[in-house]
Amino acid sequence: MKHYDYIAIGGGSGGIATANRAAEYGARALIIEQDLVGGTCVNRGCVPKKVRWYGGVMKMALDHHAYGYGVSQVDYNFDYGELKKQADNYIERARASYFKGFEARGTELLKGKATFVDDHTVEVNGELYTADHITIATGAHPRMPNFEGAEYLDNSTDFFNWTELPGKIAVIGGGYIGTELSGLVAELGAETHFYIRGQRILANFDSYITDVVTRHLAQTGVNLHFGLSLSRVEKVEEGLLAHLSDGTTEVFDKIIWAAGIAPNTQNLGLENTHIALSPKGSILVDEYQNTNVPGLYAIGDVIDKVNLTPVAIAAGRRLSDRLFGGMEGRKLNYENIPSVVFTNPPMGSVGLTEEEARKRYDDVKVYAHKFTDIFSSLTPVRRQNRMKMVVQGPDEVVVGIHMAGDGVDESLQGYAVAVANGLTKAQFSDTVAIHPTTAEEVVTLR
């Protein structure tokens, strides 16, 4: 039996971050990972998605915007297989950097599947491992349906393994993954149909920006179908026959199911522990990432709280700060977490939506502005940008910022710092704008 100060089960972003931080404090830290180091984000999520997103941005610029800048008769060949190859090469380099980080810090990595034997012991490859502190950071996986023909569906993981882009694709699910993938495959050249069960995409975001993102998707060539879901699928000679909830059918080459994720708590031997789970199978934790079992913790998608890579990283580092760095009371504040959806152009949000603010406060005011960005103003496909600031109280403390437009993915980070630290509208307005940019609109709102 081998003993460590700290074990992280799961070598994704959260597990790596918390183990490395513990090792920096001098703890003997072990990461246990049964699959590829880097987890979902690096291997089948954020990173391969972002590389393909850049490909879509480039292709759309050539297809729709180049002529406005004097570039005529654009002739090029697009090779999806080459894009995948370049993305895979980049991911290999990213994984290699993790191993260098482990070596520099003294973090140990064990390849294999961890199974709990009891509350403080896990078995890996036939050997037993114990630790004073164990964190479960096993992430989540796509939640697939159980209707007839579900075996013919692809999920987001399958998508990143495609070597060719099909001619006609359906995307099911109006959340982050469905919205991003539908826009992406349309930009890359596929006939794309996007099915949303409700009447709007991204229901948890402010409708002021999701409305314009919906318009952008349509401009990109996405066929949007609201109020529809998938009932069953048949494999036919022409491809996959989708039976929709309104009784209609449509044939596709591929169907991507992007309607939710499920925490990876199965087959971990949790039945051999006293860890409490939610009805949906996620691990229950308090504000310090503690489970109900002393010495056992959980971070990231496995707790199904805010399923974003930077959240898992931040929670994991703060947990190790508390456990090994002497920072009593150190924890992640789950409010005012910024997030970006990589549509083209991207959208982002931090803080409360207008609706959420009005439910929480009596004195809410909104500043909003919409405009066409300079980049698309010279081209046939003009894109509307939108900015909204939600403020509260007589001092007009900024409690929410919502943006859709060019450069939002980069500029939102700075605004998130401002919202997290309680800046006021007056302080925003007192900041000199950077002109001409999209970002300046937030400090010039009237």
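Report follows, based on the coordinates. Small disclaimer: the values here were computed from a predicted structure and weren't measured.

**Considerations on the overall build of the chain**
Along the backbone of the chain there are 13 helices and 21 strands. Along the first, second and third principal axes, the C-alpha atoms of the chain reach 70 × 65 × 40 Å. Relative to its full complement of 446 residues, the chain shows a buried share of 52%. Contacts spanning at least 24 positions in sequence make up 64% of the contacts within the chain whose residues lie at least 6 apart. Here the chain has roughly 20,500 Å² of accessible surface; of this, 48% comes from carbon and sulfur atoms.

**Structural notes on the packing of helix α1 (residues 13–24) against helix α8 (residues 309–324)**
The interhelical angle for the contact between α1 and α8, taken along N-to-C directions, is 25°, at an axis separation of 8 Å. When the axes of α1 and α8 are compared, the pair comes out roughly parallel. As for how α1 packs across α8, the hand of that crossing is right-handed. Across the interface between the two elements, S13, G14, A17, T18, R21 and A22 from α1 touch T309, A312, I313, G316, R317, L319, S320, D321 and F324 from α8. Of the residues in the contact of α1 with α8, the class split is six nonpolar, six polar and three charged.

**Regarding the pairing of strand β6 (residues 127–136)**
Within β6, seven of the 10 residues are buried, which leaves the element mostly enclosed by the surrounding structure. With seven bridges connecting them, strand β1 (residues 2–9) and β6 associate as parallel partners. Among the inter-strand pairings, Y4 is bridged to a residue of β6, identified as A131. A loop of two residues connects strand β5 (residues 121–124) with β6, the two strands running antiparallel in sequence, and N125 in this loop sits at a positive phi of about 55°. Of the pairings in the sheet, the one linking β6 to strand β16 (residues 296–298) comprises three bridges and is parallel in character. Within β16, the position partnered with T135 by the bridge is Y297.

**Examining the packing of aromatic side chains**
Summed over the entire model, instances satisfying the criterion amount to 11 aromatic pairs. Taking the centre distance of 5.7 Å and the plane angle of 75° together, the rings of F147 and W257 count as edge-to-face. In this pair, F147 sits in the loop between β7 (140–142) and α5 (156–159) while W257 sits in strand β14 (residues 254–257), placing the two residues 110 residues apart along the sequence. Taken individually, F147 and W257 each receive the classification buried, so the pair is uniform in this respect. Relative to W162, the ring of F159 lies with its centre 5.1 Å away and its plane at 70°, an arrangement referred to as edge-to-face. We note that F159, like W162, is buried. Each residue in the set W53, Y54 and F342 is aromatic and connected to the rest through ring pairs, giving one cluster. When the ring centre of Y4 is taken as origin, the NZ or CZ atom of R28, which lies over that ring, is 4.1 Å away. A cation over a ring is seen here: R386 above Y208, with NZ or CZ 4.9 Å from the ring centre.

**Focus on the sheet that holds strand β20 (residues 384–392)**
One open sheet holds the five strands; their spatial order is β17-β18-β21-β20-β19, and the pairing between them is antiparallel. Unpaired on one side and paired on the other, β17 (339–341) and β19 (364–372) mark the two borders of the sheet. The mean inter-strand angle of the sheet, taken between neighbouring strand axes irrespective of direction, is 15°. In the packing of helix α11 (residues 408–420) onto the sheet, the strands contacted are β17, β18 (347–351), β20 and β21 (397–404), and the crossing angle to β21 comes to about 175°.

**Considerations on α8**
An α-helical turn contains 3.6 residues, so any two residues separated by three or four positions project in the same direction. Along its 16 residues, α8 runs 22 Å from first to last C-alpha, staying within 8% of the 22 Å computed at 1.5 Å per residue. Of the residues trailing α8, G326 is marked for its positive phi of about 75°.

**Details of the nonpolar core**
Ranked by internal contacts, the top residues of the largest apolar core, which has 45 residues, are I7, I9, I32, F116, Y129 and I136. Per-element tally for this core: the top contributor is β1, with five residues. In this view, I32 contacts I7, A8, I9, G10, G11, L110, G112, A114, V122 and V124; residues no more than four positions away in its chain are not counted. Listed in part, the 29 residues of the second largest apolar core include L188, I209, V222 and A258.

The rules behind each value
Residues numbered from 1 in each chain as written. Predicted model: local features only at pLDDT ≥ 70, side-chain atom pairs only at ≥ 80, totals over all residues. Heavy atoms only, no water. Helix = DSSP H or I, 4+ residues; strand = E, 2+ residues; numbered from the N terminus. Buried < 20%, exposed > 50% of the residue type's maximum accessible area, 1.4 Å probe, protein only. Contact = heavy atoms within 4.5 Å. Areas by Shrake-Rupley, 256 points an atom, 1.4 Å probe, with all protein chains shown as cover. Axes fitted to C-alpha atoms, helices over the stretch in contact; angles between N-to-C directions. Parallel < 35°, antiparallel > 145°, perpendicular 65-115°, else oblique. Left-handed = near helix turned anticlockwise from the far one by under 90°. Nonpolar A, V, L, I, M, F, W, Y, C, P; charged D, E, K, R; others polar. Pairing = 2+ DSSP bridges. Phe/Tyr/Trp six-rings, centres within 6.5 Å; stacked < 30°, edge-to-face > 60°. Lys NZ or Arg CZ within 6 Å of the ring centre and 35° of its normal. Expected span 1.5 Å × (residues − 1). Core = buried A, V, L, I, M, F, W, Y, C linked by side-chain atoms within 4.5 Å.

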